Amino acid sequence: MAEQEPILKKAVDILRAASLDPETRMQYEAREKALKDIVSIRGDGIEEGKIEMARNLLKEGVEIQIIMRTSGLSREEIEKLAKELNN
């Protein structure tokens, strides 16, 4: 049942971690932190990629609506980038 429900799976994982000896728990927590850091770095990289793509499309004169659809950025974010390019 825990495998089907993400919340239950997380609770089971937390209980397992709490029942570990102190050294193993410390290793587990360090691994979890490292995994969260990796996800964060990837997320930042993806966002930077979207911004760079939007800049390039703006330089090519592509309409804001198209940039919004292709990059997933908001109109405000794209307009801000356009202002930066014009300065």
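Refer to the preceding data block for the structure.
Student: Honestly, the overall build of the protein in this entry has me stumped. Any pointers?
Tutor: Within the protein one finds 4 helices and 0 strands. What you see in the protein, going N to C, is helices and strands ordered as α-α-α-α. The globule rule puts the C-alpha radius of gyration for 87 residues at 12 Å, and the 21 Å found for the protein is more than 25% above it. Based on the C-alpha atoms only, the size of the protein along its principal axes is roughly 60 × 30 × 15 Å. Residues counted as buried form 11% of the 87 residues belonging to the protein. Restricting to contacts in the protein with at least 6 residues of sequence separation, those with at least 24 account for 24%. Distance from the positive charge centre (15 side chains) to the negative charge centre (18 side chains) of the protein: 0 Å.

Student: Would you mind going over the nonpolar core with me for this structure?
Tutor: Ranked by size, the top nonpolar core spans 8 residues in total: Ile51, Ala54, Leu58, Ile67, Leu73, Ile78, Leu81 and Ala82. Breaking this core down by element, the ones donating at least two residues are helix H2 (22-59) and helix H4 (75-86). Residue contacts for isoleucine 67: discarding those within four places in its chain leaves Ala54, Leu57, Leu58, Val62, Gly72 and Ile78.

Student: Where do I start with the packing of H2 against helix H3 (residues 64-71) in this structure?
Tutor: Relative placement of two packed helices is described by the angle separating their axes and the distance separating the axes. Between H2 and H3, the least distance of the axes is 10 Å, while the angle of their chain directions is 155 degrees. The orientation of H2 relative to H3 falls into the category roughly antiparallel. The crossing of H2 and H3 is right-handed. Of the residues in H3, those in contact with Lys50, Met53, Ala54, Leu57 and Leu58 of H2 are Ile67, Thr70 and Ser71. Taken together, the residues that form the contact of H2 with H3 break down as 5 nonpolar, 2 polar and 1 charged.

Parameters at a glance
- Residues numbered from 1 in each chain as written.
- Predicted model: local features only at pLDDT ≥ 70, side-chain atom pairs only at ≥ 80, totals over all residues.
- Heavy atoms only, no water.
- Helix = DSSP H or I, 4+ residues; strand = E, 2+ residues; numbered from the N terminus.
- Rg over C-alpha atoms; globule rule 2.2 N^0.38 Å.
- Buried < 20%, exposed > 50% of the residue type's maximum accessible area, 1.4 Å probe, protein only.
- Contact = heavy atoms within 4.5 Å.
- Lys, Arg positive; Asp, Glu negative; His and termini not counted.
- Charge placed at Lys NZ, Arg CZ, Asp CG, Glu CD.
- Core = buried A, V, L, I, M, F, W, Y, C linked by side-chain atoms within 4.5 Å.
- Axes fitted to C-alpha atoms, helices over the stretch in contact; angles between N-to-C directions.
- Parallel < 35°, antiparallel > 145°, perpendicular 65-115°, else oblique.
- Left-handed = near helix turned anticlockwise from the far one by under 90°.
- Nonpolar A, V, L, I, M, F, W, Y, C, P; charged D, E, K, R; others polar.

That is the geometry; function is a separate question.
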